[in-house]
Amino acid sequence: MCSSDLQSRLFRDHPEWLLRGEDGAPLAFGNNWGGPYHALDTTHPGALAWIRELGRTVRGWGYTYLKIDFLYGATQPGVRHDPAVGRAEAYRMGLQAFRDGVGEDAFILACGAPLAQSIGLVDAMRTGPDVAPLWDEESRRVWLGDATGPSARNALHTALSRWYQHAWYQPDPDVAICRRELSLLSATERDAIAGMLDVIGGLRASSDPVSLLDEEGLALLRRCLTVSTPDRPATLAASHGEAVTHFTRGTFNLTDRAQDGLPAHGYRPRTGKEQP
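Report follows, based on the coordinates.

Procedures and definitions
- Residues numbered from 1 in each chain as written.
- Predicted model: local features only at pLDDT ≥ 70, side-chain atom pairs only at ≥ 80, totals over all residues.
- Heavy atoms only, no water.
- Buried < 20%, exposed > 50% of the residue type's maximum accessible area, 1.4 Å probe, protein only.
- Helix = DSSP H or I, 4+ residues; strand = E, 2+ residues; numbered from the N terminus.
- Pairing = 2+ DSSP bridges.
- Axes fitted to C-alpha atoms, helices over the stretch in contact; angles between N-to-C directions.
- Parallel < 35°, antiparallel > 145°, perpendicular 65-115°, else oblique.
- Left-handed = near helix turned anticlockwise from the far one by under 90°.
- Contact = heavy atoms within 4.5 Å.
- Patch = residues over 30% accessible without salt bridge, like charges linked within 9 Å, V, L, I, M, F, W, Y side chains within 5 Å.
- Areas by Shrake-Rupley, 256 points an atom, 1.4 Å probe, with all protein chains shown as cover.
- Salt bridge = Lys/Arg side-chain N within 4 Å of Asp/Glu carboxyl O.
- Expected span 1.5 Å × (residues − 1).
- Polar contact = N/O pair within 3.5 Å; in protein donor to acceptor, adjacent residues only side chain to side chain.
- Nonpolar A, V, L, I, M, F, W, Y, C, P; charged D, E, K, R; others polar.
- Phe/Tyr/Trp six-rings, centres within 6.5 Å; stacked < 30°, edge-to-face > 60°.

Things to note about the pairing of strand β3 (residues 35-39)
Next up, step 1: Counting buried positions over the 5 residues of β3 gives 4, a clear majority of the element.
Next up, step 2: Linkage of strand β2 (residues 28-32) to β3, two consecutive antiparallel strands, is achieved through a turn of 2 residues, within which Trp33 is found at a positive phi near 55 degrees.

This is the structure we're talking about:
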């Protein structure tokens, strides 16, 4: 529910549709695409009508699979057109308007969105940070205390710990990375991503140019794109890395050192003979 910068036609024509601070100025919620971005006030009838029409327009172009991102903007504190509406309700009003526009038969993948507040309105949900072709981005995680940055480690930690959300929508743990070129991931780490996709059992996608994949990479990609049913934890009493790591189909080691014969950053499928 984020709009573009203040140079956009939307702001020029309808500045009253943006969420504002106590001083009356539009609130900025981040910086991307060359500048700050702002949130629509989804309690404003005009903004809701625009969102609804946007959905109809996109469906009119023939698209039935729609990923919508940066939705959290609609939940942020600010001065709204209708002060009686809470932040969660305001978000659902905006999301409902988009759903009404695209129709019930469209498939909506939400990203950057409140999780529980989206139930019933979206078909799938990104459940963790972006995967990246590196295991960890320590400067942001360690020094800023922010584990939401793009990395394989952060994606596994979050997606695995949200294993139960398949009852709400199809979880999207982000893409498989199977290539060796232009990647800092080891074979062990690439295998762990594949294991995550298997136990989560949600959407499947790849960001690898097929031309960069050798035979080993193609085999891993085929494995990653094989649809599976969601798994469940074998235990919540043990963990290799401050996340849910022990599943009935396999065990993850998200730490930086070997655990129980499992290499750092690794995944081991269960054969039925191991102890959880």
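What about the packing of helix α5 (residues 152-161) against helix α6 (residues 187-200)?
Next up, step 1: Contact pair α5 / α6: the axes reach a minimum separation of 11 Å and the direction vectors enclose 20 degrees. Judged by the inter-axis angle, α5 sits roughly parallel to α6. α6 is crossed by α5, and the crossing has left-handed handedness. The segment α5 lies against α6, with Ala152, Ala155, Leu156, Ala159 and Leu160 engaging Ala192, Ile193, Met196, Val199 and Ile200.

Focus on the pairing of β2
Next up, step 1: In the sheet, β2 pairs with β3 via 4 bridges, with the strands oriented antiparallel. Considered in β3, the bridge of Asn32 is made with Gly35.

A short note on the sheet that holds strand β4 (residues 65-68)
Next up, step 1: One open sheet holds the 4 strands; their spatial order is β4-β5-β6-β7, and the pairing between them is parallel. Here the strands that pair on one side only, and so sit at the sheet edges, are β4 and β7 (170-172). Adjacent strand axes in the sheet meet at a mean angle of 20 degrees when their direction is disregarded.
Next up, step 2: Strand direction decides the pairing type here: β4 and strand β5 (residues 107-110), joined by 4 bridges, are parallel. Bridging from a neighbouring strand, Lys67 pairs with Leu109 of β5.

A look at a nonpolar patch on the surface
Next up, step 1: Together, Ile119, Tyr164 and Trp168 make up an exposed nonpolar region whose accessible area comes to about 250 Å².
Next up, step 2: With respect to the element layout, Ile119 can be found in the loop between β5 and β6 (124-126).

Some words on α6
Next up, step 1: With 14 residues, α6 extends 20 Å between its outermost C-alpha atoms, agreeing within 8% with the 20 Å of an ideal straight helix rising 1.5 Å per residue.
Next up, step 2: Taken together, the buried positions of α6 are Glu189, Arg190, Ala192, Ile193, Ala194, Gly195, Met196, Leu197, Val199 and Ile200.

Examining the environment of Arg190
Next up, step 1: Structurally, Arg190 can be placed in helix α6.
Next up, step 2: Spatially, the C-alpha atom of Arg190 lies 15 Å from that of Gly250, the residues being 60 residues apart in sequence.
Next up, step 3: Not counting the four nearest positions on each side in its chain, Arg190 is found in contact with Ile177, Cys178, Arg179, Arg180, Leu185, Glu216 and Leu220.
Next up, step 4: Among the polar contacts made by the side chain of Arg190, one reaches the main-chain carbonyl oxygen of Leu185 at a distance of 2.9 Å.

Section: the side chain of Thr127
Next up, step 1: Structurally, Thr127 is set in the loop between β6 and α4 (138-144).
Next up, step 2: Overall, the relative accessible area of 1% leaves Thr127 in the buried class.
Next up, step 3: When neighbours within four sequence positions are excluded, Thr127 is seen to be in contact with Thr158, Ala159, Arg162, Gln165, Tyr169, Pro171, Asp172 and Pro173.

Section: the packing of α6 against helix α7 (residues 215-224)
Next up, step 1: The geometry of α6 relative to α7 is characterised by a closest axis approach of 9 Å and an angle of 20 degrees between their N-to-C directions. As far as their axial angle goes, α7 and α6 are roughly parallel. Judged by the twist between their axes, the crossing of α6 over α7 is left-handed. Here α6 contributes Arg190, Asp191, Ala194, Gly195 and Leu197 to the contact with α7, which in turn contributes Glu216, Leu220, Arg223 and Cys224.
Next up, step 2: Of the residues belonging to the contact of α6 with α7, the class tally is 4 nonpolar, 1 polar and 4 charged.

Looking at the packing of aromatic side chains
In this description, a pair of aromatic rings is defined by centroid distance and the angle of the planes.
Next up, step 1: In the structure shown here, the tally under the stated rule is 8 aromatic pairs.
Next up, step 2: Ring geometry for Trp163 against Tyr164: centres 5.9 Å apart, planes inclined by 90 degrees, an arrangement best described as edge-to-face.
Next up, step 3: Under the relative-accessibility criterion, Tyr164 is labelled partly exposed at 36%.
Next up, step 4: With 6.1 Å between their ring centres and 85 degrees between their planes, Phe247 and Phe252 make a pair best called edge-to-face. The residues Phe247 and Phe252 share a single accessibility class, namely buried.
Next up, step 5: One aromatic cluster is present, formed by Trp163, Tyr164, Trp168 and Tyr169 through successive ring pairs.

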